[in-house]
Amino acid sequence: VHRYAEGALRVDEYACLLMFKASGRRPVQIASIKCKDFSYSPKYTGSPTYVVQIPRAKVRGGKFRSILKPYALVNSVAQVVELHIKEQTAKVEAALGRRMTPQELGELPLFIDVNTIEEIQSVSQEALMDYLKSELPHIKRSNLTNRLKSAVKKLKIISERTGEPLKSNAYRFRYTLGTRAA
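Note that the coordinates shown come from a computational prediction; the quantities given were computed from them, not determined experimentally. (Residues numbered from 1 in each chain as written. Predicted model: local features only at pLDDT ≥ 70, side-chain atom pairs only at ≥ 80, totals over all residues. Heavy atoms only, no water.)

A.B. asks: What should I look at first to understand the overall build of the protein chain in this one?
C.D. replies: Secondary structure summary: the protein chain contains 9 helices and 3 strands in total. By the compact-globule yardstick of 16 Å for 182 residues, the protein chain fits well, its C-alpha radius of gyration being 17 Å. Considered along the principal axes of its C-alpha atoms, the protein chain spans approximately 55 × 35 × 35 Å. The proportion of buried residues among the 182 residues of the protein chain is 41%. Counting only contacts in the protein chain whose residues sit at least 6 apart along the sequence, the fraction spanning at least 24 positions is 61%. Total accessible area computed for the protein chain in this model is approximately 10900 Å², and 52% of it derives from carbon and sulfur atoms. (Helix = DSSP H or I, 4+ residues; strand = E, 2+ residues; numbered from the N terminus. Rg over C-alpha atoms; globule rule 2.2 N^0.38 Å. Buried < 20%, exposed > 50% of the residue type's maximum accessible area, 1.4 Å probe, protein only. Contact = heavy atoms within 4.5 Å. Areas by Shrake-Rupley, 256 points an atom, 1.4 Å probe, with all protein chains shown as cover.)

A.B. asks: Where do I start with the packing of helix H2 (residues 11-23) against helix H4 (residues 75-96) in this structure?
C.D. replies: The relative placement of two packed helices is expressed as an angle between their axes plus a distance between the axes. Direction vectors running N to C along H2 and H4 enclose 140°, while the axes themselves pass 9 Å from each other. Between H2 and H4, the angle is such that the two are oblique. In the crossing of H2 with H4, the sense of the turn from one axis to the other is left-handed. Contacts from Val-11, Asp-12, Tyr-14, Ala-15, Leu-18, Met-19 and Ala-22 of H2 reach H4 at Val-77, Val-80, Val-81, Leu-83, His-84 and Glu-87. Residues of the contact of H2 with H4, tallied by class, amount to 10 nonpolar, 1 polar and 2 charged. (Axes fitted to C-alpha atoms, helices over the stretch in contact; angles between N-to-C directions. Parallel < 35°, antiparallel > 145°, perpendicular 65-115°, else oblique. Left-handed = near helix turned anticlockwise from the far one by under 90°. Nonpolar A, V, L, I, M, F, W, Y, C, P; charged D, E, K, R; others polar.)

A.B. asks: Teacher, can you tell me more about the pattern of salt bridges here?
C.D. replies: Pairing is possible between side chains that carry opposite charge, provided their charged atoms lie close to one another. Taken as a whole and assessed by the stated rule, the structure comprises 11 salt bridges. Salt-bridge contacts for Arg-99 lead to Glu-93; the nearest nitrogen and oxygen are separated by 3.6 Å. Exposure remark for Glu-93: the relative accessible area of 13% places this residue in the buried category. If you follow the salt bridges from partner to partner, you end up with Arg-10, Asp-12, Glu-13, Arg-147 and Lys-154 in one network. (Salt bridge = Lys/Arg side-chain N within 4 Å of Asp/Glu carboxyl O.)

What follows is the structure, given as structure tokens:
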């Protein structure tokens, strides 16, 4: 939090870190999330809570985003993710030269592939919805993992055990979350 406040991390990097830390999900799951998957709703807990619908991974014969599972987020994580969505939406709308419709905004990936913003400019307005509904605009799993590693590197955390900079990946967040739960 302090490194983000100091400006050492961009909003997208911080949102990436927080999503892995909060949910412990696999990179393919985080990469598959769309903006419409976030909501502020009393549906699950009775009181308004930020909820993200996370796509299931490792489902035999499962198609892209075929099964979604709700996961509650604390307000501090959700607020950073909302800020990231606003910044990303502004970039895409600037590239398109127009405001996006609510349906288009919902289909926008949470973490968009860098090349997608350039590709969107060449897609016709009629074909844009089909393009956004596909896997194409989503960040690749390896690129998301690299973004996570880059963000952790910027934090300059030194391992207590080795005395060297901390090496991190998505599995480490997943394992730590499981250990704490146990």
